[in-house]
Amino acid sequence: MMHEVYMRRCLELAQKGKGNVSPNPMVGAVLVHNGHIIGEGWHREYGQAHAEVNCIDSVAVEDKHLIPDCTMYVSLEPCAHHGKTPPCANRLVQEKIKHVVICNTDPYEKVGGRGIQILTENNIQTTVDVLEQQGRWLNRRFFCTQENKRPYIILKWAQSANGIFAPYGNKRHQISNAFSNQSVHKWRTEEDAIMVGTNTALADNPQLTARLWQGKNPLRIVIDRSLILPHNLHLFDRKVNTWIVNDKKDEMCNNLNYLHFDFDESMLDNLMNKLYEANIQSVIIEGGAKLLNNFIAKGLWDEARVFTSDKAIAHGLAAPILTEATAAFETYLGKDKFQLFVNNNSEYQYAGGMEL
C-alpha cells in the first residue's frame, strides 16, 4: 500500500513536465528512507536531466549518506541508453540504491526492459507495475507513439444544449464560455499539434495559438486540398510552424510547409504517419464537423473533449456523434458542461482521479 502512496507522488511530480518534455515521456521520482521522503525530482524539459537524476541531486548534503539505504520510486523504467543524457539506470547503480519501484516499463526500443536488467544484474531489488494503469494514462501520448507508431489523437468541439455544432451560414459563433476557452488554450500548450479543416479556417479565421495561457504553441495543421484558402488568414501569418495539407504541391518556406497527399481513403492514416515521423506525439482535432466525423468514422481517435453550452441554437449543423465511446469524466466550467470520452478500442483508458 505504501508503494502506491509514493508512486502517486511520482505521478503528481511527472505532471509538472507536461508540455515541456515531448517527445520524451513525463517522469517523476521520489527517494524514500525509512518512510521519509528525502528527495524528489521530475523531468523538467526535453534534453535536460531526467527525473531520477534531479531526485538524487535534490537530496540535502546532510542526507547524502542515506542514499544507499533508500528506495527510489519512479514512474517509468530508468533509461538504459545514452541519449541527450547518460543512462539513469547506471546512475542508480552508481549510487548503490537498494530498491527501485517502477510504475511502467519503457516501451522505447532502446530501453524495453534493459533498465530493469541493469538494476537486477547489479543486485538492486526491483518492483514493477505499481499503479500501471495510472502511469499509462499519464504517458498515453508517449505510449501511443511508441506502440502504435502514430500520435495520440484528441477530438475537441463545443456544441449547443440541443446538439448543434455551428449555425448555418459560415459565420463565427462562440458557443463555449470564457472559462472553457481558456482551458482550450491551456491544452494547446500541452499538445504537439492542432488541426482544422478548410471550412473552419474560412469561417472562423482561427489563430490556433495559446494566447490565453503561458506556454509553447503547437504545430498548426490545416487541410486545404485545393489550396483555396486566402493568405490573409491568421494561419498564414508565419508566426508559428504551419502545415498546409493539399493535393497540389510540396513546398517549405518560412514556417509554411505545403505537404502533398493523395486524398484517398488512406489520407488520414498517411498524415498521422507523417506526424509520427516528425516526432509529433499528439494532435488535437478542433474541427470542423466534417473533419471530426472523418476521424470518428475511421475509429482513428483516442479521446474526445466536448463542451456543451446551456444555450440552444435554433438551426445549424449537427455536432459529431461518437461511436464506441465511454464517458470517462464530467465537470462544469461555469455553465458549460465538459465531458471526456475515451475510445473503447483505445489501449489508454482513463484512470480515475488523474488529470487530463
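It should be noted that the structure appears before, not after, this text.
In this text the structure is predicted, and so the values were computed from the model without any measurement. (Residues numbered from 1 in each chain as written. Predicted model: local features only at pLDDT ≥ 70, side-chain atom pairs only at ≥ 80, totals over all residues. Heavy atoms only, no water.)

(A) Up close: the overall build of the chain. Scanning the chain for helices and strands turns up 10 helices and 17 strands. Taking 21 Å as the expected radius of gyration for a compact globule of 356 residues, we find that the chain reaches 22 Å, a close match to that expectation. Taken along its principal axes, the extent of the C-alpha atoms in the chain is 70 × 45 × 35 Å. Sorting the 356 residues of the chain into buried and exposed places 53% on the buried side. Taken as a whole, the chain presents about 16,300 Å² of accessible surface, with 46% of it coming from carbon and sulfur. (Helix = DSSP H or I, 4+ residues; strand = E, 2+ residues; numbered from the N terminus. Rg over C-alpha atoms; globule rule 2.2 N^0.38 Å. Buried < 20%, exposed > 50% of the residue type's maximum accessible area, 1.4 Å probe, protein only. Areas by Shrake-Rupley, 256 points an atom, 1.4 Å probe, with all protein chains shown as cover.)

(B) Expanded view of the sheet that holds strand β5 (residues 125-127). Read from one edge to the other, the open sheet built from five strands follows the order β2-β1-β3-β4-β5, with strand pairing classed as mixed. Each having just a single partner strand, β2 (36-42) and β5 make up the two edges of the open sheet. Put simply, the sheet's adjacent strands are angled 20° from each other on average, direction ignored. Direction of pairing for strand β1 (residues 28-33) relative to strand β3 (residues 71-76): antiparallel, over a ladder of four bridges. Of the residues in β3, the one forming a bridge with Val 30 is Tyr 73. (Pairing = 2+ DSSP bridges. Axes fitted to C-alpha atoms, helices over the stretch in contact; angles between N-to-C directions.)

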